[in-house]
Amino acid sequence: MDAQTQNTSLQRLQNVERRVVRVLDIAGGVMEELTNTSGPRRDLVKTLCGEFMQSIKDIQVTLREEIKSACEYRPFEKCDYNSRIANEICFHKLQYVLSQLDHLQITVGRYPSSD
């Protein structure tokens, strides 16, 4: 991905973030209307629900496009970043397992054997 593509991708994701906040505002508006002591105004609830659903659809489309474009991205052939990160994660997992085994061995050593 070149810098221009990354910028437009980030801008699209920022717009999605704004739309998610707007969707939450819409949902809050519907909830407020439903709790109205004089009863909910059906036309307002219908309008807000329609706007909510359309916004959700727009967000889904944009996120699908971003995921698809991210999947099409191919890093430099000789880049070993993914394998290095995977190895580092495995190394830390192994360290954790070994420390847990050490703790288990210490715990077992504290109890007398039943022989």
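As a reminder, the structure under discussion sits directly above these lines.
Residues numbered from 1 in each chain as written. Predicted model: local features only at pLDDT ≥ 70, side-chain atom pairs only at ≥ 80, totals over all residues. Heavy atoms only, no water.

### Description of the overall build of the protein
Definition in use: Segments assigned H or I by DSSP are reported as helices when at least four residues long, segments assigned E as strands when at least two residues long, and all are numbered from the N terminus. Relative accessible area decides the class of each residue, using a 1.4 Å probe on protein chains only: under 20% of the type maximum gives buried, over 50% gives exposed, and in between gives partly exposed. A contact between two residues is defined here by any heavy atoms of the two lying within 4.5 Å. Method for areas: the Shrake-Rupley scheme with a 1.4 Å probe, in which residue coverage is limited to the protein chains shown.
When helices and strands are counted, the protein shows 3 helices and 0 strands. Going from the N terminus to the C terminus, the protein shows its helices and strands as α-α-α. The burial tally for the protein puts 10% of its 115 residues in the buried class. Pairs at least 24 apart in sequence give 67% of the contacts found in the protein among residues at least 6 apart. Within the structure as shown, the protein displays about 10000 Å² of accessible surface, and the carbon and sulfur contribution to it stands at 58%.

### Observations regarding a nonpolar patch on the surface
Put simply, the rule reads: Patches draw on residues past 30% relative accessible area with no salt bridge. Two like charges within 9 Å are joined, as are two nonpolar side chains (Val, Leu, Ile, Met, Phe, Trp, Tyr) within 5 Å. Every case where a carboxyl oxygen of Asp or Glu lies within 4 Å of a side-chain nitrogen of Lys or Arg is listed as a salt bridge.
Taken together, Leu94, Tyr96, Val97, Leu98, Leu101, Leu104 and Val108 make up a surface patch of nonpolar side chains, about 700 Å² in accessible area. With respect to the helices and strands, the residue valine 97 is situated in helix α3 (residues 81-110).

### Let's talk about the pattern of salt bridges
Going through the model one piece at a time under the given rule, you end up with 3 salt bridges. As a salt-bridge pair, glutamate 51 and arginine 22 come within 2.8 Å of each other at their nearest N and O atoms. Here glutamate 51 is found in helix α2 (residues 42-72), whereas its partner arginine 22 is found in helix α1 (residues 3-34), with 29 residues between them in sequence. With relative accessibility at 38%, the residue arginine 22 sits in the partly exposed group. The partner of glutamate 33 in a salt bridge is arginine 41, and the shortest N-O contact between them spans 3.0 Å. Residue glutamate 33 is classed as buried on the basis of its relative accessible area of 6%.

### Thoughts on the side chain of glutamate 66
To keep things clear, this is the line we draw: Polar contacts, as counted here, are pairs of nitrogen or oxygen atoms within 3.5 Å of one another; within protein the pair requires one atom able to donate a hydrogen and one able to accept it, and residues that are adjacent in sequence qualify only if both atoms are side-chain atoms.
Relative to the elements of secondary structure, glutamate 66 occurs in helix α2. Note on glutamate 66: relative accessible area 7%, which makes it buried. Among the polar contacts listed, one links the side chain of glutamate 66 to the side chain of arginine 12, at a separation of 2.4 Å. Residues contacting glutamate 66, with those up to four places away along its chain left out, are Ser9, Arg12 and Leu13.

### A closer look at the environment of leucine 34
For leucine 34, the location among the structural elements is in helix α1. Along the primary structure leucine 34 and valine 45 are separated by 11 residues, whereas in three dimensions their C-alpha atoms are 7.9 Å apart. If near-sequence neighbours (up to four positions away) are discounted, leucine 34 is found in contact with Pro40 and Val45.

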